[in-house]
Amino acid sequence: MTRRAENNRWELTHWGDRSVPYGDDGEPVILSFKDGRVSGHAGCNRYSAAIVFGPRRGEVKVFRGITTRMACEPRHMEFEASFIRAFEASTRYRLDGESLSFESNLAPPLEFYRRPLD
């Protein structure tokens, strides 16, 4: 899993019934994985955390991360805080072709789509 995740960027495309920021509504949520870390744009700020895939297939542990401290529109900041809580609560992942999802008992699955590295 690690190598496949590291060779791509992943854009959040679906999260239950929430509206995912994109385009005029804000930058997309994009995550990249490298050397046991996840980093990217969380909706308003840059985000980084340690992540471990395994030891069993489909298991994941996301550690508490850090963000930059830029102020954005309140709805983007609210989305970002909810997204980070849900992502860090993830205990399972599923890789299915071009999609990668993270699941927890806290929120609906976070569904990402593969975006090749530039």
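Structure: see above.
Residues numbered from 1 in each chain as written. Predicted model: local features only at pLDDT ≥ 70, side-chain atom pairs only at ≥ 80, totals over all residues. Heavy atoms only, no water.

Draft legend 1. Looking closely at the state of the cysteines. Summed over the entire model, instances satisfying the criterion amount to 1 disulfide. The disulfide partner of C44 is C72, and the S-S distance across this bridge is 1.9 Å. Handedness of the C44-C72 disulfide follows from its S-S torsion of about 95°: it is right-handed. A residue pair is termed long-range when its members are at least 10 positions apart, and C44 in the loop between β3 (37–41) and β4 (46–53) and C72 in the loop between β6 (66–67) and α2 (74–88) qualify at 28 residues. For C72, a relative accessible area of 25% corresponds to the partly exposed category. (Disulfide = S-S within 2.5 Å. Helix = DSSP H or I, 4+ residues; strand = E, 2+ residues; numbered from the N terminus. Buried < 20%, exposed > 50% of the residue type's maximum accessible area, 1.4 Å probe, protein only.)

Draft legend 2. Representation of α2. When the terminal C-alpha atoms of α2 are compared, their 21 Å separation across 15 residues agrees well with the 21 Å that a helix rising 1.5 Å per residue should span. Those residues of α2 that sit buried are H76, F79, E80, S82, F83, I84, A86 and F87. (Expected span 1.5 Å × (residues − 1).)

Draft legend 3. Summary view of the nonpolar core. Counting 27 residues, the largest nonpolar core has F33, F83, F87, F102 and F112 as the members making the most contacts within it. When contributions to this core are tallied by element, the ones reaching two or more residues are β1 (8–15), β2 (30–34), β4, β5 (60–62), α2, β8 (99–103) and β9 (110–116). The greatest single-element share of this core, amounting to 5 residues, is contributed by α2. Those residues within four positions of F33 in sequence are excluded, and the remaining contacts are A5, E6, W10, V38, I51, F53, L100 and F102. (Core = buried A, V, L, I, M, F, W, Y, C linked by side-chain atoms within 4.5 Å. Contact = heavy atoms within 4.5 Å.)

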